[in-house]
Structures are given as structure tokens and as C-alpha cells.
Amino acid sequence: MLLHKIDEVRESIIKWKKEGLTVGLVPTMGALHNGHLSLIKKAKETCDKVVVSDFVNPIQFGPSEDFDKYPRTLDADMELCNETGVDIVFAPSANEMYGEGQRLSNDTLTYVCPPFFYVNKLCGKSRVGHFDGVCTVVLKLFNIVQPDFAFFGQKDAQQVIVIKKMVKDLNVPIKIVQCPIVREESGLALSSRNKYLSEAGKQDALVLSKILNNIKVCYNRGITDTDALKETAYGFLTDKHEMEYLEIVDKETLEDKKQADDNSIALIACRVENVRLIDNIYLKED
Ligand code: AMP
């Protein structure tokens with residue numbers, strides 16, 4: 001069922017809660033692919049009812065980012081959600097989410113600001129204010145849907161860490177479930193932004209997963225010095241790659257590491273054909 005209005009969603013939720021049913025929320029920006037579907041499947045396994053939000057959130061995009069051209073494929077998304085047995089697809093307008101004619105700024109709206117320590121690095125460093133926008137919309141969706149469980153992908157590793165921190169710090173009574181990264185057979189992590197890439201660009205984009213896999217192999221062979229591990233990336237890069245960051249940090253606290261250990265995660269952001277791509281890997285799988 002496709003719903004655009006907050007009140008309509010709340011009506012269903014109240015009914016389900018009265019019946020004692022559990023609710024799972026999968027927040028997305030649409031342009032759904034198999035990565036999103038893995039979250040939806042996990043939600044279906046875990047909960048009686050599943051809500052998918054499909055909303056390109058303007059306040060998490062910077063002024064020079066791709067908000068306008070971000071792929072919007074609601075009809076195709078609906079088909080996939082119907083096939084997977086999603087109960088509600090919530091696709092609000094920006095006016096519905098933030099108020100008619102509301103200026104989208106923290107001068108006029110209440111924002112949720114995650115701690116500086118968690119956002120002054122990795123994606124937060126170049127995307128200033130991005131995680132304020134993410135936390136704000138996610139907390140709003142949590143309040144609208146009041147799910148028992150919410151599902152996020154490890155693909156956006158910093159995002160899920162920041163959201164877990166918000167949930168803990170603000171006593172939000174929702175269990176966050178993190179789902180593994182879904183990749184193409186080639187190793188490329190699925191992303192709605194892969195649509196921007198040419199076939200050649202997709203080949204060049206394989207460098208992200210190759211660099212990360214190689215770091216993992218080197219770590220498991222005994223190299224722990226993070227500078228040495230990061231240096232292994234240079235062999236893979238060509239003039240087709242514009243590296244933004246490659247970091248090895250603690251997978252729960254995002255603390256920098258001089259020496260990698262079994263709790264480390266390597267994260268990369270790199271532009272290919274001017275498309276900003278991200279990926280990450282745990283150096284030791286759980
Ligand atoms: P997005 O629509 O890009 O905001 O993503 C919505 C959710 O899907 C986020 O929790 C993402 O981490 C997750 N997601 C996106 N791509 C993947 C992927 N390749 N594998 C697993 N989860 C993903």
C-alpha cells in the first residue's frame with residue numbers, strides 16, 4: 001500500500017499496535033536495488049508488518065550535491081515492494097515531512113545533531129551537516145512509524161554507527177538491525193548512485209572493493225600498521241580515481257587506529273566519473 005501522508009501511516013500503525021503486531025521500518029531514499037531488498041527481507045523475517053520509507057531527504061544533501069538528479073523510481077520501487085510483501089511504502093513529499101513552505105534550515109527547524117567526534121571524519125568531513133540531516137529524518141520516521149525494529153545497511157557504516165549512538169543517547173526504544181553489504185558478483189557494492197556510472201566507470205569502480213579486500217588479506221597475513229595497510233591501495237589507483245579517504249578505525253567507536261586489530265573496519269570513499277562511491281570491510285568477520 002502506497003501512502004503519502006503521515007496521518008494515514010499513523011492510522012495503520014495504531015491498528016497494528018492494538019492487534020499486538022510488531023513493526024519493522026526500512027528507511028530508504030528509493031531507487032531500490034537488491035541491497036535494499038536484503039533489508040526488507042530481514043525485516044519480513046523479523047517483524048509482523050514492514051514499512052519502507054521512500055524519501056529523498058533534502059536536508060541531508062549539501063548545496064553542491066546530487067539532490068536534484070538523485071534517481072526517483074517510485075513505480076518500480078512499488079513493484080519490488082509489492083513482490084516482497086511490504087505492507088506500507090511511505091513516500092511523503094518534503095512539505096509533508098517538514099511543513100508546507102518551511103525553509104529547510106536549522107535556523108527554523110529542530111535538527112538532531114550527532115556528536116562531533118562521530119561526524120568530523122570519514123563522510124562527515126566532506127559532507128558537512130549530512131549526518132544532522134540523516135539523524136533528523138530518521139528520528140522523524142521513528143516517531144511517525146514507531147517501529148520495534150529498524151533496518152540499516154553496513155554499506156553506510158558511519159551512518160549506522162551514528163544512528164545507534166543517537167538511539168542510545170536519546171533513549172529511543174527501537175532495536176537497530178544492521179545488515180551486511182550486498183555486492184554485484186564483480187564485488188561492486190550495490191548503490192543507487194551506480195546508475196550514474198558508465199560500463200567503463202563500473203569497471204573502474206571495482207577498485208574500491210579490491211583495495212578493501214587486499215587490506216583485509218594483508219591484515220590477516222599479519223600486517224597491522226594502518227599506514228602500511230593504507231599504502232597498499234596505491235597499486236590499484238589510476239587517473240580514473242579521485243580518492244577522498246581511506247581509513248582504518250574501530251568498527252564501533254570510529255576511533256582512529258595506529259595498529260589494526262580484529263575490531264577494525266577499513267572504509268573508503270572515492271570518486272569515479274565524478275560519482276562519489278563508498279564501501280567498507282571488517283578486517284575480521286564476526
Ligand atoms: P539509501 O536508499 O541509499 O539511503 O539506503 C537505504 C538503506 O539501504 C541504508 O540503510 C543503506 O545502508 C542500505 N543499503 C544501501 N546499499 C546497500 C547494499 N549494497 N547492501 C546493503 N544495504 C544497503
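Criteria and cut-off values
Residues numbered from 1 in each chain as written. Predicted model: local features only at pLDDT ≥ 70, side-chain atom pairs only at ≥ 80, totals over all residues. Heavy atoms only, no water. Axes fitted to C-alpha atoms, helices over the stretch in contact; angles between N-to-C directions. Helix = DSSP H or I, 4+ residues; strand = E, 2+ residues; numbered from the N terminus. Parallel < 35°, antiparallel > 145°, perpendicular 65-115°, else oblique. Left-handed = near helix turned anticlockwise from the far one by under 90°. Contact = heavy atoms within 4.5 Å. Nonpolar A, V, L, I, M, F, W, Y, C, P; charged D, E, K, R; others polar. Near = heavy atom within 4 Å. Polar contact = N/O pair within 3.5 Å; in protein donor to acceptor, adjacent residues only side chain to side chain. Areas by Shrake-Rupley, 256 points an atom, 1.4 Å probe, with all protein chains shown as cover.

A. Spotlight on the packing of helix 7 (residues 130–145) against helix 8 (residues 157–169). The interhelical angle for the contact between helix 7 and helix 8, taken along N-to-C directions, is 55 degrees, at an axis separation of 10 Å. Between helix 7 and helix 8, the angle falls in the class oblique. For the crossing formed where helix 7 meets helix 8, the hand is right-handed. Of the residues in helix 8, those touching helix 7 at Phe131, Val134, Cys135, Val138, Leu139 and Phe142 are Gln158, Gln159, Val162, Ile163, Met166 and Val167. Here the contact of helix 7 with helix 8 is composed, by residue class, of 10 nonpolar, 2 polar and no charged.

B. Spatial organisation of the site of the ligand. Near the ligand there are 17 residues, and of these His36, Gly153, Asp156, Val182 and Leu190 occur at the shortest range. In this structure, His36 approaches the ligand through a side-chain N or O atom, which is 2.9 Å from an oxygen atom. One of the backbone nitrogen or oxygen atoms of Val182 is found 2.9 Å away from a nitrogen atom of the ligand. Here the ligand loses 93% of its free accessible area of 490 Å² to cover by the protein chains. For the shell around the ligand, the secondary-structure elements that each account for two or more residues are strand 2 (23–28), helix 2 (34–46) and strand 5 (149–153). Of the residues forming the shell around the ligand, the biggest block, 3 residues, is contributed by helix 2.

C. Structural view of the environment of Gln158. Its location among the elements puts Gln158 in helix 8. It is 21 Å that separates the C-alpha atoms of Gln158 and Asp227, two residues lying 69 residues apart in sequence. Those residues in contact with Gln158 that lie beyond four places of it in its chain are Tyr118, Val119, Lys121, Leu122, Cys123, Gly124, Phe131 and Leu254. Among the polar contacts listed, one links the side chain of Gln158 to the backbone oxygen of Lys121, at a separation of 3.1 Å.

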